[in-house]
Amino acid sequence: MIYQKVKGMLDYIENEADKFRYIEKCVTDEIKKHGFREIITPILENTEVFVHSVGDESDIVTKEMYTFFDKGNRSLTLRPEGTAPVARSYIENKLYSRPSLTKLYYFGPMFRYERPQAGRYRQFYQFGVEAFGDSSPLLDGDLIYSGYKIFERLGIKDIVLKINSIGDFLSREAYAIKLRQYFFSYRDRLCEDCQRRLEKNPLRILDCKVDRNQPYFRTAPKISDSLTPASRAYFQKALDYLTLLGVSYEIDYNLVRGLDYYTEIVFEYIYQGDDDFKGLAICAGGKYSNLISDFGGPDIPGIGYAFGLERIMALMDRQNLFPALDSGADIVIIALDELSKEHSLYLANILRNRGYRTEIDYYHTTLKPQFRFAERLNALFIIIIGEEERINKSITIKNTKRKTQETIKEEKLLDYLKEH
Ligand code: HAM
């Protein structure tokens, strides 16, 4: 029986893991410049954290969560996203008592029971940011810009920023009434989920994966016609700041996002290249004015976004953006008999202590397989120790790039390495 990984989940092996960490390093380096500090929350949360925030009519909550009961009969869920856990932690740890804005970033696995396909997995990694404490279009513009800077830092091309405002509570109440009236005349054609959403949360209909390509969706009322003057002005200000920062955008009046906590500005960075990824969101987010108070905290707004790591990685592969990631060894020690093997173990650890990535072949005592091993690791130096070297307290060292070989006293080895 050969076990296989869980459907929709990935192994990252060697080079792939190096690429993964390279992305992590670039994005965290970049976001720290924008004043964000890291937050690490548990991968499991009480199920209610997501039901209450993402929304009980959302696809995530109704279809995609990995939920189970623990031995104490508590309903727990593997986090499908990062905003709700961070908001939960922000309140639980009273971070709101700080006098100023709190800017947090996170990086970790998320779980959604979706239909796996290119760029869509059941376990995927998100890099996300959340800023709590200010309701200001200036913050919104600056935060959206930090996402733009991450694309720039990674070198990813063919990305467009789509942005919309879904307004404040009053705007959305007015819009929900219009939508309910509009879709009521199409109710027999709506899928089963949308028929239910029509009553409970008509905005979610716009996000339906089954119905959204139907012709009557195109003529549905637009949120832009229901925005209050305050929401309209807020949106315009944020757009002005984006222009000031040199970020071009497209207003997409159909963009509503599939999570219930959003208010005012929502946005997605979409890939628009000419391949099967076209239209895929690489990063998405928005403002949420009421999530903290809905969770029982004070009336404090938040805004954030999350990148999907697998999607970044696939695009970077396609656009050839990874540097030559050197995953081999600096030095491989070849030993030609048992006593030399012992000595190579000792020598390898001296070299490692000096910072050289050093490997030995633990098994073979003949040259050929050990040379093959060194080649596979792309070793810059190959050290050879046999009986003769041992007796003379010397080593033979090969510089594989310069194609030189010499025998030197072992005590001179560190000097030799420094010089070469
Ligand atoms: P989301 O749009 O559900 O938003 O996910 C954000 C990003 O995660 C997507 O744009 C995509 O790149 C990636 N993603 C989502 N699902 C998958 C999947 N099944 N496989 C691979 N990648 C995926 C959120 O999660 C919000 N919490 C974002 C946010 C933060 N809003 C405010 N703050």
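The structure contained in this document is the topic of the report that follows. (Residues numbered from 1 in each chain as written. Predicted model: local features only at pLDDT ≥ 70, side-chain atom pairs only at ≥ 80, totals over all residues. Heavy atoms only, no water.)

## Examining helix 12 (residues 338-353)
Over its 16 residues, helix 12 runs 23 Å from end to end, which matches the ideal 22 Å to within 8%, given 1.5 Å per residue. Of the positions making up helix 12, those classed as buried are Ser340, Lys341, Ser344, Leu347, Ala348 and Leu351. Buried residues of helix 12, viewed axially, fall in a sector of 125°; they line one side. The outward face of helix 12, more than 90 degrees from its buried face, is lined by the exposed residues Glu338, Glu342 and Asn353. The distance from a side-chain oxygen at the start of helix 12 to the backbone nitrogen of leucine 339 is 3.1 Å, and the residue carrying that oxygen is aspartate 337. Two residues or fewer after helix 12 comes glycine 355, characterised by a positive phi angle close to 100°. (Helix = DSSP H or I, 4+ residues; strand = E, 2+ residues; numbered from the N terminus. Expected span 1.5 Å × (residues − 1). Buried < 20%, exposed > 50% of the residue type's maximum accessible area, 1.4 Å probe, protein only. Arc of directions from axis to C-beta. Polar contact = N/O pair within 3.5 Å; in protein donor to acceptor, adjacent residues only side chain to side chain.)

## Considerations on the pairing of strand 4 (residues 75-78)
As paired elements, strand 2 (residues 44-46) and strand 4 share 3 bridges and run antiparallel to each other. From the neighbouring strand, leucine 44 faces strand 4, where its bridge partner is leucine 78. Counting the residues in the hairpin turn of strand 3 (residues 66-69) and strand 4 gives 5 residues, including asparagine 73, whose phi is positive at 65°. (Pairing = 2+ DSSP bridges.)

## Some points on unusual backbone geometry
We note that asparagine 73 has phi near 65°; this positive angle belongs to a residue other than glycine. For asparagine 73, the location among the structural elements is in the loop between strand 3 and strand 4. Accessibility expressed as a relative area gives 60% for asparagine 73, which makes it exposed.

## Structural notes on the packing of helix 1 (residues 15-33) against helix 5 (residues 137-154)
In contact at an axis separation of 10 Å, helix 1 and helix 5 are set at 140° when each is read in the N-to-C sense. Between helix 1 and helix 5, the angle is such that the two are oblique. Classified by chirality, the crossing of helix 5 by helix 1 is right-handed. Residues Cys26, Val27, Asp29, Glu30, Ile31 and Lys33 of helix 1 lie in contact with helix 5, whose contacting residues are Ser146, Lys149, Ile150, Arg153 and Leu154. In terms of residue class, the contact of helix 1 with helix 5 is made up of 5 nonpolar, 1 polar and 5 charged. (Axes fitted to C-alpha atoms, helices over the stretch in contact; angles between N-to-C directions. Parallel < 35°, antiparallel > 145°, perpendicular 65-115°, else oblique. Left-handed = near helix turned anticlockwise from the far one by under 90°. Contact = heavy atoms within 4.5 Å. Nonpolar A, V, L, I, M, F, W, Y, C, P; charged D, E, K, R; others polar.)

## So, the side chain of arginine 204
Mapping arginine 204 onto the fold places it in the loop between helix 7 (192-200) and helix 8 (215-218). Ignoring sequence-local partners within four residues, the contact set of arginine 204 consists of Glu57, Ser58, Arg197, Val256, Arg257, Gly258, Leu259 and Asp260.

## With respect to the nonpolar core
Of all hydrophobic cores here, the largest spans 48 residues; its most connected members are Phe132 and Phe183. Here the element with the most residues in this core is helix 4 (residues 83-92); it accounts for 5 residues. In this structure, phenylalanine 132 is in contact with Val86, Ala87, Tyr90, Leu101, Thr102, Leu104, Tyr288, Ile292, Ile300, Pro301 and Gly302, ignoring residues within four places of it in sequence. By size, the runner-up hydrophobic cluster in this structure holds 46 residues, among which are Ile23, Phe36, Phe127 and Ala131. (Core = buried A, V, L, I, M, F, W, Y, C linked by side-chain atoms within 4.5 Å.)

## Some thoughts on the packing of aromatic side chains
Any two aromatic rings considered together are summarised by their centre-to-centre distance and by the angle between their planes. Counted according to the given criterion, the structure contains 27 aromatic pairs. Centre to centre, the rings of phenylalanine 267 and tyrosine 305 are 6.4 Å apart; their planes meet at 75°, and the pair counts as edge-to-face. In this pair, phenylalanine 267 is assigned in strand 9 (residues 263-271) and tyrosine 305 in strand 11 (residues 302-308), connecting sequence segments 38 residues apart. Note on accessibility: phenylalanine 267 and tyrosine 305 belong to one class, buried. Judged by centre distance (6.2 Å) and plane angle (70°), the rings of phenylalanine 381 and tyrosine 416 are edge-to-face. Taken together, the positions of phenylalanine 381 in strand 14 (residues 381-385) and tyrosine 416 in helix 15 (residues 413-419) put the pair 35 residues apart, joining distant regions of the chain. Tyrosine 416 gets classed as buried once you look at its relative accessible area, which sits at 5%. Each member of the aromatic cluster is reached from another via a ring pair, and the members are Tyr105, Phe127, Phe151, Phe267, Tyr269, Tyr305 and Phe307. In this arrangement the basic side chain of arginine 187 is found over the ring face of phenylalanine 184, its NZ or CZ atom lying 4.0 Å from the centre. The ring of phenylalanine 277 has arginine 318 sitting right over it, with the charged end atom 4.0 Å from the ring centre. (Phe/Tyr/Trp six-rings, centres within 6.5 Å; stacked < 30°, edge-to-face > 60°. Lys NZ or Arg CZ within 6 Å of the ring centre and 35° of its normal.)

## Considering the sheet that holds strand 3
Pairing in this open sheet of 3 strands is antiparallel, and the strands run 2-4-3 from one edge to the other. The open sheet has two free edges, formed respectively by strand 2 and strand 3, since each of these has just one partner strand. On average, each strand axis in the sheet is tilted by 35° relative to the strand beside it, whichever way the strands run. Judged from the 4 bridges that link them, strand 3 and strand 4 form a sheet pairing that is antiparallel. Within strand 4, the residue paired with tyrosine 66 across the bridge is leucine 78.

## Brief notes about the site of the ligand
Around the ligand there are 27 residues in total, and Glu81, Thr83, Glu114, Tyr121 and Tyr262 lie nearest to it. Between a nitrogen atom of the ligand and a side-chain N or O atom of arginine 311, the distance comes to 3.5 Å. Contact with the protein chains hides 96% of the accessible area of the ligand, taken as 660 Å² for the molecule alone. For the shell around the ligand, the secondary-structure elements that each account for two or more residues are strand 6 (123-132), strand 10 (281-288) and strand 11. Element by element, the count of residues in the shell around the ligand is highest for strand 10, at 7 residues. Partitioned by chemical class, the residues of the shell around the ligand number 13 nonpolar, 7 polar and 7 charged. (Near = heavy atom within 4 Å. Areas by Shrake-Rupley, 256 points an atom, 1.4 Å probe, with all protein chains shown as cover.)

Without other data, these values stay purely geometric and don't point to any function.
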